[in-house]
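# Fold and geometry: a report
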Amino acid sequence: GDRGAATWVLITLLVMAGLSFALDFAATGYGAKRLGASWRGMLGAVIGGLMGLAWPPVGWVLGPLIGAIVGEAFGGRPWREAGRAGIGAALGLIAGTAVKVTSAGAMMLLWAVHVAWKALNAV
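Quick summary incoming for the structure in this document.

Turning our eyes to something else, we now look at the overall build of the protein chain. Looking only at helices and strands, the protein chain features four helices and zero strands. The linear arrangement of helices and strands in the protein chain, starting from the amino end, is α-α-α-α. Since a compact globule built from 123 residues should have a radius of gyration of about 14 Å, the 19 Å found for the protein chain marks it as more spread out than a globular shape. Across its three principal directions, the C-alpha atoms of the protein chain cover 70 × 25 × 15 Å. On the protein chain, the mean spot of the 9 positive side-chain charges and the mean spot of the 4 negative ones are 3 Å from each other.

This is the structure:
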């Protein structure tokens, strides 16, 4: 019998993963650039985000925010500008994460429906 996933399901999952990655990258970059973040702010947001993973859910928001502000401040920007850029980087990172979570949920739903459909029609 047909034991594997249908080719169209695998292709759809691959396309969804690619779109999720592209949208995540775009959201993070857009949020950062819109409020003036530099590469230092983005790097700080990523490092802060990783450190913030240890303190859910507050650390998930504050980690990227504080990291981006510190990154911008180390780059020599005044605190006010660093704060603004940090907010942009953090918001972009949070929006990108929301895109990934939504995409992952849709991918799991597609897979579950496909498996259920195959199981119900395997007679």
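The subject of this paragraph is the environment of Ala6. Looking at where Ala6 falls in the secondary structure, it is placed in the segment before helix 1 (7-34). Taking the C-alpha atoms as reference points, Ala6 and Leu19, separated by 13 residues in sequence, lie 20 Å from one another.

Right, let's get into helix 2 (residues 39-52). Between the first and last C-alpha of helix 2 there are 19 Å, a value that for 14 residues agrees with the 20 Å anticipated at 1.5 Å per step. Where helix 2 begins, the side chain of Ser38 points an oxygen toward the backbone nitrogen of Arg40, at a separation of 3.2 Å.

Bringing the packing of helix 1 against helix 4 (residues 79-120) into the picture now. Any two packed helices are characterised by how steeply their axes cross, that is the angle between the axes, and by the distance between the axes. Contact geometry of helix 1 with helix 4 gives a least axis separation of 6 Å together with a crossing angle of 170°. The angle between the axes of helix 1 and helix 4 places the two elements in the roughly antiparallel class.

Ala32, Ala37, Met42, Ala45, Ala68, Ala85, Ala89 and Leu93 form the largest nonpolar core, which has eight residues in total. Of all the elements in the fold, those that place two or more residues in this core are helix 2 and helix 4. The contacts of Ala68, once residues within four sequence positions are left out, are Gly41, Gly44, Ala45, Gly86 and Ala89.

Here the residue pair Pro56 and Pro57 is connected by a cis peptide bond, since its omega of -15° sits within 30 degrees of zero. Among the structural elements, Pro57 can be located in the loop between helix 2 and helix 3 (58-74).

Here we come to the packing of helix 3 against helix 4. It is at 7 Å that the axes of helix 3 and helix 4 come closest, and there the two elements cross at 140°. Between helix 3 and helix 4, the interaxial angle falls into the category oblique. At the point where helix 3 passes helix 4, the crossing takes the right-handed sense. On helix 4, the residues that touch Val61, Pro64, Leu65, Ala68, Ile69, Glu72 and Ala73 of helix 3 are Trp79, Ala82, Gly83, Ala85, Gly86, Ile87, Ala89, Ala90, Leu93 and Ile94. Considering only residue class, the contact of helix 3 with helix 4 consists of 14 nonpolar, two polar and one charged.

Rules behind the numbers
Residues numbered from 1 in each chain as written. Predicted model: local features only at pLDDT ≥ 70, side-chain atom pairs only at ≥ 80, totals over all residues. Heavy atoms only, no water. Helix = DSSP H or I, 4+ residues; strand = E, 2+ residues; numbered from the N terminus. Rg over C-alpha atoms; globule rule 2.2 N^0.38 Å. Lys, Arg positive; Asp, Glu negative; His and termini not counted. Charge placed at Lys NZ, Arg CZ, Asp CG, Glu CD. Expected span 1.5 Å × (residues − 1). Polar contact = N/O pair within 3.5 Å; in protein donor to acceptor, adjacent residues only side chain to side chain. Axes fitted to C-alpha atoms, helices over the stretch in contact; angles between N-to-C directions. Parallel < 35°, antiparallel > 145°, perpendicular 65-115°, else oblique. Core = buried A, V, L, I, M, F, W, Y, C linked by side-chain atoms within 4.5 Å. Buried < 20%, exposed > 50% of the residue type's maximum accessible area, 1.4 Å probe, protein only. Contact = heavy atoms within 4.5 Å. Left-handed = near helix turned anticlockwise from the far one by under 90°. Nonpolar A, V, L, I, M, F, W, Y, C, P; charged D, E, K, R; others polar.

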